[in-house]
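Observations on chain architecture
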Amino acid sequence: MRKQAMNRDWIATARTLSEALPYLQRYDDAIVVIKLGGHAMGSDEAMETFARDIVLMQHVGVNPVIVHGGGPMINQMLDKLEITSEFVNGKRVTDEATMEVVEMVLSGRVNKRIVQAINQQGGKAVGLSGKDANLITCDATDPALGLVGTPSEIDPSILQTLFKDDTIPVIAPLGAGRNGETYNINGDTAAGAIAAALTADRLLLLTDIDGVRNAEGDVVTELTSQTIRSMIIDGTIAGGMIPKTETALAAIDGGVRAVVILDGRAPNATLLELFTDHGAGSMIRAG
Ligand SMILES: Nc1ncnc2c1ncn2[C@@H]1O[C@H](COP(=O)(O)OP(=O)(O)O)[C@@H](O)[C@H]1O
Ligand SMILES: CC(=O)N[C@@H](CCC(=O)OP(=O)(O)O)C(=O)O
């Protein structure tokens, strides 16, 4: 016998699916780069929902690319090893010992947790870092930051190969230097550079806050490059939000159609943004 569940509005569920059609058509074959910040990687349950949304996205024709962070997980391991660490303008000052820990945590535990979560939902994910297949080549950002890298060359060919095979790339933000160095790249910066190299349709930066807030504490839903620049200068945008908004500007300059900064802890955040009228977070658009 067919179930007659009374505790859910099935008609509304069917309507939601029907209303998604124009969005499904818009994003058919689109490239969407999703940066999952360390603060947005919550419980196993939240990771499961995130992974299911990514697999669904791919099933309806999107080519998703995940770039992740993991700052809080790096901090935990550095604490255990009694290595002190400091941030300058949202970037971790990285010496050789810190770099070893960063690579171990990001390419190891964090990357594989996301890969496994996607695969458990029936997707096919592969974990890489920017060092694999010459994906990201870096130059030093600033000698004062040590081994922090700025992507100078991106070779996205491995990503195109993975798209053809319906495989979802999950990328740890590390890059190779020209002389065999390993560089630590801020996760947002890496995601922006990859999105620009792919001329992605969307870059979603998932974090632990519902968007970019103004001095009054309200989320600004549409941001222009001028507003961002003045908010950085007057200190309204600070800490980890600096690389995020700078990334958004660089990605738009690099050909990405739109960047959205949104709360990755909100349930189904990525689907809400892509497939419904309810835009979430702060959007920065081209033109
Ligand atoms: N104007 C602002 N609007 C929103 N968040 C801001 C702003 N200025 C600074 N922040 C801080 O930036 C943080 C997001 O950056 P970060 O912690 O690096 O995130 P993630 O780990 O997701 O990359 C927010 O939690 C908030 O504390
Ligand atoms: C240079 C730099 O700061 N690299 C970051 C890389 C991880 C990251 O970006 O993590 P979130 O996205 O969680 O902040 C770091 O060492 O913490």
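Fair warning: this is a prediction, and the values are worked out from it, not measured in the lab.

Here we come to the nonpolar core. Across soluble globular proteins, nonpolar side chains show a tendency to be buried alongside one another. Of all hydrophobic cores here, the largest spans 83 residues; its most connected members are Val33, Ile114 and Ile118. Ignoring anything within four residues of it in the chain, the contact list for isoleucine 114 reads Leu36, Met41, Met47, Phe50, Ile66, His68 and Val170.

Here we come to the site of ligand 1. Around ligand 1 there are 17 residues in total, and His39, Thr207, Asp208, Thr236 and Lys244 lie nearest to it. At a separation of 2.9 Å, an oxygen atom of ligand 1 approaches a polar side-chain atom of histidine 39. A distance of 2.8 Å separates a nitrogen atom of ligand 1 from a polar backbone atom of threonine 236. For ligand 1, whose accessible area on its own is 580 Å², the fraction buried by protein is 76%. Elements with a contribution of two residues or more to the shell around ligand 1: strand E11 (202-207) and helix H9 (241-253). Among the residues forming the shell around ligand 1, the class breakdown is six nonpolar, seven polar and four charged.

Right, let's get into the site of ligand 2. Contacts to ligand 2 come from 16 residues, most closely from Lys35, Gly38, Arg92, Asn184 and Gly187. A distance of 2.4 Å is found between an oxygen atom of ligand 2 and a side-chain nitrogen or oxygen belonging to lysine 35. Between ligand 2 and glycine 38, the relevant distance is 2.7 Å, taken from an oxygen atom to a main-chain nitrogen or oxygen of the residue. Here ligand 2 is seated within the largest pocket. Counting only elements with at least two residues in the shell around ligand 2, the list comes to helix H4 (71-80) and strand E4 (91-92).

Under the UniProt annotation, the feature "binding site: substrate" (unreviewed entry) is placed at Gly70, Gly71, Arg92 and Asn184. Spanning 115 residues, the named residues form one tight spatial group whose C-alpha atoms are at most 11.9 Å apart. Set against the largest pocket, the annotated residues that line it come down to Gly70, Gly71, Arg92 and Asn184. Checked against the element boundaries, glycine 71 lands in helix H4. Judged by relative accessible area, which is 24%, glycine 71 ranks as partly exposed. Of note, arginine 92 is situated in strand E4. Judged by its relative accessible area of 5%, arginine 92 is buried. The contacts of arginine 92, once residues within four sequence positions are left out, are Gly71, Ile74, Asn75, Leu78, Ser85, Glu86, Phe87, Thr98, Val102, Leu145, Val148 and Asn184.

Within the structure shown, the criterion is met by one aromatic pair. Plain terms: the ring middles of tyrosine 27 and phenylalanine 275 are 6.1 Å apart, the flat faces sit at 85° to each other, and that makes the pair edge-to-face. Highlighted residues: tyrosine 27 in the loop between helix H2 (21-26) and strand E1 (31-36) and phenylalanine 275 in helix H10 (residues 269-275), separated in sequence by 248 residues. Tyrosine 27 gets classed as buried once you look at its relative accessible area, which sits at 2%. Look at phenylalanine 275 and you get buried, because its relative accessible area is 9%.

Our next topic: the pairing of strand E12 (residues 258-263). In terms of residue burial, E12 counts as a mostly covered element, since six of its six residues are buried. Residue alternation in E12 divides its side chains into two sets, Ala258, Val260 and Leu262 and Val259, Ile261 and Asp263, and both sets are buried. Looking at chain direction, E11 and E12 are connected through six bridges and run parallel. Residue arginine 202 lies in a different strand from E12, and its bridge partner there is alanine 258. When E12 meets strand E13 (residues 282-285), the two strands line up antiparallel, connected through four bridges. By the bridge assignment, alanine 258 is partnered in E13 with arginine 285.

Turning our attention to the environment of aspartate 188. Take aspartate 188: it is sitting in helix H7 (residues 187-197). According to the relative accessible area criterion, aspartate 188 is buried, its value standing at 2%. Along the backbone, aspartate 188 and isoleucine 242 are 54 residues apart, and their C-alpha atoms lie at a distance of 9.8 Å. Among residues more than four places away in sequence, those in contact with aspartate 188 are Lys35, Leu205, Gly240, Pro243, Lys244 and Thr247.

Taken as a whole, the largest pocket spans an internal volume of roughly 590 Å³. Tallying contributions element by element places H4 first for the lining of the largest pocket, with four residues. Among the residues forming the lining of the largest pocket, the class breakdown is twelve nonpolar, 13 polar and six charged. For the second largest pocket, the lining is made up of 17 residues, of which Thr16, Leu17, Ala20, Phe275 and Thr276 are closest to its centre. Looking at the lining of the second largest pocket, the elements with two or more residues in it are helix H1 (10-19), H2 and H10. Per element, the largest residue contribution to the lining of the second largest pocket is four residues, and it comes from H1. Residue composition of the lining of the second largest pocket, by class: ten nonpolar, four polar and three charged.

Calculation rules
- Residues numbered from 1 in each chain as written.
- Chains lettered and ligands numbered in written order.
- Predicted model: local features only at pLDDT ≥ 70, side-chain atom pairs only at ≥ 80, totals over all residues.
- Heavy atoms only, no water.
- Core = buried A, V, L, I, M, F, W, Y, C linked by side-chain atoms within 4.5 Å.
- Buried < 20%, exposed > 50% of the residue type's maximum accessible area, 1.4 Å probe, protein only.
- Contact = heavy atoms within 4.5 Å.
- Near = heavy atom within 4 Å.
- Polar contact = N/O pair within 3.5 Å; in protein donor to acceptor, adjacent residues only side chain to side chain.
- Areas by Shrake-Rupley, 256 points an atom, 1.4 Å probe, with all protein chains shown as cover.
- Helix = DSSP H or I, 4+ residues; strand = E, 2+ residues; numbered from the N terminus.
- Nonpolar A, V, L, I, M, F, W, Y, C, P; charged D, E, K, R; others polar.
- 1 Å grid on protein atoms, 1.4 Å probe; cavity = no way out; pocket = protein on both sides within 12 Å on 5 of 7 lines; lining within 4 Å.
- Sits in = over half its atoms within 2 Å of the grid points.
- UniProt positions renumbered as here; feature names shortened; annotations may be inferred.
- Phe/Tyr/Trp six-rings, centres within 6.5 Å; stacked < 30°, edge-to-face > 60°.
- Pairing = 2+ DSSP bridges.
- Points joined across faces, edges and corners; volume = space filled by probe spheres on them.

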